[in-house]
Amino acid sequence: MSKTIKPLVAGNWKMNGLRSHLDVYSAIADGVTANLASKVDVMICGPATLTYALAQAGKGRAVLVGGEDCHTAVGGAHTGDVSAEMLADAGATAVIVGHSERRTDHGEADEIVKAKAEAAWRAGLIAIICVGETETERKSGNAVSVVSGQLAGSVPDGATAQNSVIAYEPVWAIGTGLTPTAVDVEEIHGEMRKVLSARFDAEGDSMRLLYGGSVKPANASELMNVANVDGALVGGASLKAADFLGIIAAYA
Ligand SMILES: O=C(CO)COP(=O)(O)O
């Protein structure tokens, strides 16, 4: 973690969460004291059906609300899709784009991820842009080149430390309980910093780089101490208030 960058711990609820899960959000928000919030930014990215309710529950509280995906267009004939403007209207301040589950389930390539990040900015949202290699790519020694290729293709020109967050999520670590070694995370995050600093100068120096993939309270401190890890993108553990608060505490 860098001392000059305020970390962000973001939860990604994926396709989980009914209105009854607003209690989980409230329990998280209750645990994020003003002191904690001064040291770490906290966010829950929930399914689009809950964005408005989460944002309402979040009024006057320190836990930000984000979406999990957006369409590239403002509106129109795109049945079932949600635009960045709709998320912003519902109270979101950020949106995840390019999650590996979108890249796999919906065939989203870098080009579309980039357009979604631009759509997020157009609506005034922070784009949380995800990258990460598959197990095969890691085993064949291509993790670094895959991630830098995704960064080049998915992060639009004009990215700043304010409008963008990058999340490194190795696909094989998501929901598996497996995590890369601290050395492997350091290698990828160091490369991401190098690429982003070369392309965006000071903005790249201070852009937040999150690690995601089986982050739990038990491994949060180790990951937090890796150079250029400025927070976490948390799936399963963000659905349990105690676990998520345990992770947040590691970054405070
Ligand atoms: O995909 C993730 C967050 O976006 C990570 O999920 P898990 O924390 O459940 O491994």
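Residues numbered from 1 in each chain as written. Predicted model: local features only at pLDDT ≥ 70, side-chain atom pairs only at ≥ 80, totals over all residues. Heavy atoms only, no water.

Chemist: Is there a simple way to think about the overall build of the protein chain in this case?
Modeler: Secondary structure summary: the protein chain contains 11 helices and eight strands in total. For 252 residues, the compact-globule estimate of 2.2 N^0.38 gives 18 Å, and the protein chain sits close to it at 17 Å. Seen through its C-alpha atoms, the protein chain measures out along the principal axes to roughly 45 × 45 × 35 Å. Across the 252 residues in the protein chain, those meeting the buried criterion constitute 52%. Here the contacts in the protein chain between residues at least 6 apart in sequence split such that 73% fall between residues at least 24 apart. Total accessible area on the protein chain is roughly 10,600 Å²; 54% of this is exposed by carbon and sulfur atoms. Separation of charge centres in the protein chain, based on 20 positive and 29 negative side chains, amounts to 4 Å. (Helix = DSSP H or I, 4+ residues; strand = E, 2+ residues; numbered from the N terminus. Rg over C-alpha atoms; globule rule 2.2 N^0.38 Å. Buried < 20%, exposed > 50% of the residue type's maximum accessible area, 1.4 Å probe, protein only. Contact = heavy atoms within 4.5 Å. Areas by Shrake-Rupley, 256 points an atom, 1.4 Å probe, with all protein chains shown as cover. Lys, Arg positive; Asp, Glu negative; His and termini not counted. Charge placed at Lys NZ, Arg CZ, Asp CG, Glu CD.)

Chemist: What's the story with the UniProt feature "binding site: substrate" (unreviewed entry) in the protein chain in this structure? I'm lost.
Modeler: Per the UniProt record, "binding site: substrate" (unreviewed entry) is found at Asn12, Trp13, Lys14, Gly175, Ser214, Gly235 and Gly236. Considering the C-alpha atoms alone, the annotated residues occupy 225 residues of sequence yet fold into one spot, their largest mutual distance being 14.0 Å. If you take the residues mentioned a moment ago, the ones lining the largest pocket come down to Asn12 and Lys14. Inspection of the secondary structure assignment puts Trp13 in the loop between strand E1 (8–12) and helix H1 (22–31). Overall, the relative accessible area of 0% leaves Trp13 in the buried class. Once residues lying within four places of it in the same chain are set aside, the contact partners of Trp13 are His21, Val24, Tyr25, Ile44, Cys45, Gly46, Pro47, Leu50, Leu54, Glu68, Ser238 and Leu239. On the secondary structure map, Gly236 appears in the loop between strand E8 (231–234) and helix H11 (241–251). (UniProt positions renumbered as here; feature names shortened; annotations may be inferred. 1 Å grid on protein atoms, 1.4 Å probe; cavity = no way out; pocket = protein on both sides within 12 Å on 5 of 7 lines; lining within 4 Å.)

Chemist: I'm lost on the site of the ligand in this one. Help?
Modeler: The immediate surroundings of the ligand are formed by 13 residues, with Lys14, His99, Gly175, Ser214 and Gly236 found nearest. Within the contact set of the ligand, an oxygen atom lies 3.0 Å away from a side-chain nitrogen or oxygen of Asn12. Interatomic distance of 2.8 Å between a backbone N/O atom of Gly236 and an oxygen atom of the ligand. Within the complex, the protein chains bury 97% of what would otherwise be the 310 Å² of accessible surface of the ligand. (Near = heavy atom within 4 Å. Polar contact = N/O pair within 3.5 Å; in protein donor to acceptor, adjacent residues only side chain to side chain.)

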